[in-house]
Amino acid sequence: LCPQVPELEKATVRIRQPERVREIIQSLREQGVAKLQVISDFDMTLSRFGCNGRRCPTSHNILDTSRVISEDGKKKLKDLLHYYYPIEIDPNRTLEEKRPLMVEWWTKAHELLVQQKIRKGDIAQIVRESEAMLRYGDGDFFERLHKNNIPLFIFSAGVGDILEEIIRQANVFYSNVNVVSNYMDFNEDGVLTCFKGPLIHTYNKNNTVLQGTGYFQQLSTRTSIILLGDSMGDLTMADGVPSVENILKIGFLNDKVEERRGKYLDSYDIVLESDETLDVVNGILRYILAE
């Protein structure tokens with residue numbers, strides 16, 4: 001496919017249009033580092049989906065299962081997950097059907113979390129005690145982007161305070177990293193009182209929740225994009241970029257691989273099946289940056 005990026009030969013890689021992918025990678029390299037930005041989801045994209053046969057937690061799961069949540073709270077949050085998660089990943093439901101149900105899920109979950117009187121001071125410890133992990137190769141990925149002054153925009157429907165803490169504890173929270181997510185609002189006693197708006201869920205990651213941030217406008221010359229996601233909702237994350245010249249969409253297909261493969265191959269340029277690493281992304285970056 002692309003001899004300069006041997007990682008694309010990995011058994012986990014699926015590509016429907018190899019010629020097109022080769023052309024995009026070539027264009028990204030030609031446009032150069034000054035035009036590049038990376039837009040990525042966080043949970044199950046930069047963080048791992050599984051380890052030793054066990055599911056790794058998302059930023060919401062880390063909170064939901066932590067010691068600061070009552071047993072009753074844990075049960076209710078788990079019930080929500082069991083009800084709504086199958087809807088979220090159901091390949092046979094339309095986005096129009098899913099959107100209001102996702103709002104419902106996030107809203108109920110956030111209300112339950114607020115009832116738990118979570119303290120800001122507990123967050124670092126909650127993350128430390130969790131089984132959250134970034135994907136293998138995270139150090140290379142974050143360092144390479146930082147060293148080359150490439151903006152990394154993390155657009156997450158998770159809990160911003162938790163995911164920032166995961167990145168911080170991995171020692172990769174560099175100055176080029178910008179996060180838009182669901183952030184908690186604490187009162188003067190450091191107790192969670194609500195979540196700040198607008199609500200970001202899996203299927204509204206686009207301009208509607210970015211209004212007023214102006215992030216992409218500041219980066220208007222960054223017209224080459226590598227987009228990383230693990231759901232259909234992540235495909236719209238670059239919608240706010242003023243004039244995209246090249247975009248390479250890389251999708252992590254973590255769950256229900258067989259039944260969702262077709263849809264992912266239709267939507268993402270490169271699909272990585274049950275791959276817990278950032279090898280392919282790092283290989284492409286290495287080539288684009290002509291290292």
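Residues numbered from 1 in each chain as written. Predicted model: local features only at pLDDT ≥ 70, side-chain atom pairs only at ≥ 80, totals over all residues. Heavy atoms only, no water.

Engineer: So what about the environment of valine 241? Which residues, and what values?
Structural biologist: Tracing the chain through its elements places valine 241 in the loop between β9 (224-229) and β10 (246-253). On the accessibility criterion, valine 241 (8% relative accessible area) is buried. Considered as a pair, valine 241 and tyrosine 287 are 46 residues apart in the sequence and their alpha carbons are 24 Å apart. If near-sequence neighbours (up to four positions away) are discounted, valine 241 is found in contact with Gln37, Ile39, Phe216, Arg222 and Ile225. (Helix = DSSP H or I, 4+ residues; strand = E, 2+ residues; numbered from the N terminus. Buried < 20%, exposed > 50% of the residue type's maximum accessible area, 1.4 Å probe, protein only. Contact = heavy atoms within 4.5 Å.)

Engineer: Tell me what's going on with helix α9 (residues 257-267), and back it up with residues and numbers.
Structural biologist: Those residues of α9 that sit buried are Val257, Arg260, Tyr264 and Leu265. The arc enclosing the buried residues of α9, seen along the axis, measures out at 145°, which places them on a common side. Among the exposed residues of α9, those pointing more than 90 degrees away from its buried face are Glu259 and Asp266. Looking at the buried residues of α9, the elements they touch are β1 (13-14), α3 (71-89), β10 and β11 (270-273). (Arc of directions from axis to C-beta.)

Engineer: Break down helix α1 (residues 18-31) for me, citing the residues and quoting the values.
Structural biologist: When the terminal C-alpha atoms of α1 are compared, their 20 Å separation across 14 residues agrees well with the 20 Å that a helix rising 1.5 Å per residue should span. Three or more residues of α1 are buried, namely Val21, Ile24, Ile25 and Leu28. Seen along its axis, α1 keeps its buried residues to an arc of 95°; they face one direction. Next to the buried residues of α1 lie β2 (36-40), β9, β10, β11 and α10 (279-288). A positive backbone phi angle near 85° is found at glycine 32, which sits one or two residues after α1. (Expected span 1.5 Å × (residues − 1).)

Engineer: Residues and numbers for the nonpolar core, please.
Structural biologist: The biggest cluster of nonpolar side chains holds 92 residues, and the ones touching the most others in it are Phe141, Ile226 and Ile284. The element that contributes the greatest number of residues to this core is helix α4 (residues 95-115), accounting for eight residues. The residues that make up this core include at least three from each of domain 1 (6-50 + 134-289) and domain 2 (54-129). Leaving out residues up to four positions away in the same chain, isoleucine 226 has contacts with Leu28, Leu36, Gln37, Val38, Ile39, Leu248, Ile250, Ile284, Leu285 and Ile288. (Core = buried A, V, L, I, M, F, W, Y, C linked by side-chain atoms within 4.5 Å. Domains from an automatic or database assignment.)

Engineer: Could you give an account of the sheet that holds strand β5 (residues 152-159), naming the residues involved and the relevant values?
Structural biologist: Across the sheet, which stays open at both edges, the seven strands sit in the order β1-β11-β10-β9-β2-β5-β6 with mixed pairing between neighbours. Only two strands of the sheet have a single neighbouring strand rather than two, namely β1 and β6 (177-182). Against the sheet, α9 makes contact with β1, β10 and β11, and its axis sits at roughly 180° relative to β10, the strand it touches most. (Pairing = 2+ DSSP bridges. Axes fitted to C-alpha atoms, helices over the stretch in contact; angles between N-to-C directions.)

Engineer: Run through the environment of isoleucine 123, naming residues and quoting values.
Structural biologist: Structurally, isoleucine 123 can be placed in helix α5 (residues 123-129). Distance in space between the C-alpha atoms of isoleucine 123 and leucine 228 is 26 Å, their sequence separation being 105 residues. Setting aside anything within four residues of it in sequence, one finds isoleucine 123 in contact with Asp161, Ile162, Glu165, Met184 and Phe186.

Engineer: Please set out the layout of surface pockets residue by residue, giving values where relevant.
Structural biologist: Remark: the empty space left among the atoms is shown by a probe the size of a water molecule rolled over them. Computed from the structure, the largest pocket encloses a volume of approximately 930 Å³. Looking at the largest pocket, it is lined by 41 residues, and the ones nearest its centre are Arg55, Thr58, Asn61, Leu81 and Trp105. Of all the secondary-structure elements, those providing two or more residues to the lining of the largest pocket are β4 (54-55), α2 (59-64), α3, α4, β5, β10 and α9. Counting residues per element, the lining of the largest pocket draws most heavily on α3, at 10 residues. Volume-wise, the second largest pocket comes out at about 150 Å³. (1 Å grid on protein atoms, 1.4 Å probe; cavity = no way out; pocket = protein on both sides within 12 Å on 5 of 7 lines; lining within 4 Å. Points joined across faces, edges and corners; volume = space filled by probe spheres on them.)

Engineer: Any details on the side chain of glutamine 37? Residues and values, ideally.
Structural biologist: Tracing the chain through its elements places glutamine 37 in strand β2. Under the relative-accessibility criterion, glutamine 37 is labelled buried at 0%. A distance of 3.0 Å separates a polar atom in the side chain of glutamine 37 from the backbone oxygen of arginine 222. (Polar contact = N/O pair within 3.5 Å; in protein donor to acceptor, adjacent residues only side chain to side chain.)

Engineer: Could you give an account of the domain arrangement of the protein chain, naming the residues involved and the relevant values?
Structural biologist: Domain parsing of the protein chain yields domain 1 (6-50 + 134-289) and domain 2 (54-129). Look at where the C-alpha atoms of domain 1 and domain 2 centre, and you get two points 21 Å apart. Across the domain 1/domain 2 interface, buried area totals approximately 3,000 Å², and carbon plus sulfur atoms make up 68% of it. Taken together, domain 1 and domain 2 are joined by one salt bridge. A salt bridge links aspartate 255 to arginine 55; its shortest N-O distance comes to 3.8 Å. At the boundary of domain 1 and domain 2, one finds 15 residue pairs in polar contact (both at pLDDT 80 or more). For the side of domain 1 that touches domain 2, the secondary-structure elements that each account for two or more residues are β5, α7 (160-169), β7 (184-186), β8 (192-195) and α9. When residues of the side of domain 1 that touches domain 2 are assigned to their parent elements, the largest contribution, six residues, is made by α7. Considered class by class, the residues forming the side of domain 1 that touches domain 2 number 16 nonpolar, eight polar and 10 charged. (Buried area = accessible area lost by both parts, 1.4 Å probe. Salt bridge = Lys/Arg side-chain N within 4 Å of Asp/Glu carboxyl O. Nonpolar A, V, L, I, M, F, W, Y, C, P; charged D, E, K, R; others polar.)

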